[in-house]
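Close look at the chain arrangement
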Amino acid sequence: MSGIAVKASSDRPVTSAFDPDGSTHPRLWFIYVAGRLDAGLAVRVLRLLDAQLELIQAGLADKTHVVIDLAATTTIDAGGVATLRHAPFEAARLGVTVWLSGVTGRTDRLPTRSRSMLDRIRMFPDEEAAVLAYTTGTTTADVAGRRAGRGVAT
């Protein structure tokens, strides 16, 4: 089963949460995706993102970054990537940045075109690295170095 769900309800395959730590990063929003990331599931992710963007546009939410976490996906296919590639462009029109996490090292079976689409979106190995980059304003390479310095596997 594939899906998008709220982090608090672990029985749902797709989740969203404003902040994994409760409220320490109030302008950071997460979308957790599980199962097979195909075009259908990617459309659900885009709909969830669009709903949040509507709240931002209406002045009811104040998010600056969205992290789409794909760590729990079992498969990432070319159709899912082709659909998901629209996320950064939709968000950018409202000044919101979209990042991916949990993708590193999992795209080697994708066609070259799909990999190049993903390469246009800033990626992190996991949620922790994305949060570290958000809180410190560092690059992906800097995050890897800081995590290694703390003894955290990258």
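Residues numbered from 1 in each chain as written. Predicted model: local features only at pLDDT ≥ 70, side-chain atom pairs only at ≥ 80, totals over all residues. Heavy atoms only, no water.

This part covers the environment of Gly-80. Among the secondary structure elements, Gly-80 is positioned in helix H2 (residues 78–84). Residue Gly-80 is classed as buried on the basis of its relative accessible area, which comes to 0%. Spatially, the C-alpha atoms of Gly-80 and Asp-38 are 3.9 Å apart, while their sequence positions differ by 42 residues. The contacts of Gly-80, once residues within four sequence positions are left out, are Leu-37, Asp-38, Ala-39 and Ala-42. (Helix = DSSP H or I, 4+ residues; strand = E, 2+ residues; numbered from the N terminus. Buried < 20%, exposed > 50% of the residue type's maximum accessible area, 1.4 Å probe, protein only. Contact = heavy atoms within 4.5 Å.)

On to the packing of aromatic side chains. All told, the structure shown has two aromatic pairs when counted by the stated rule. Plain terms: the ring middles of Trp-99 and Phe-124 are 5.0 Å apart, the flat faces sit at 55 degrees to each other, and that makes the pair tilted. Here Trp-99, found in strand E5 (residues 97–101), pairs with Phe-124, found in strand E6 (residues 122–124); they are 25 residues apart in sequence, far enough to count as distant. Its relative accessible area of 0% is what places Phe-124 among the buried residues. (Phe/Tyr/Trp six-rings, centres within 6.5 Å; stacked < 30°, edge-to-face > 60°.)

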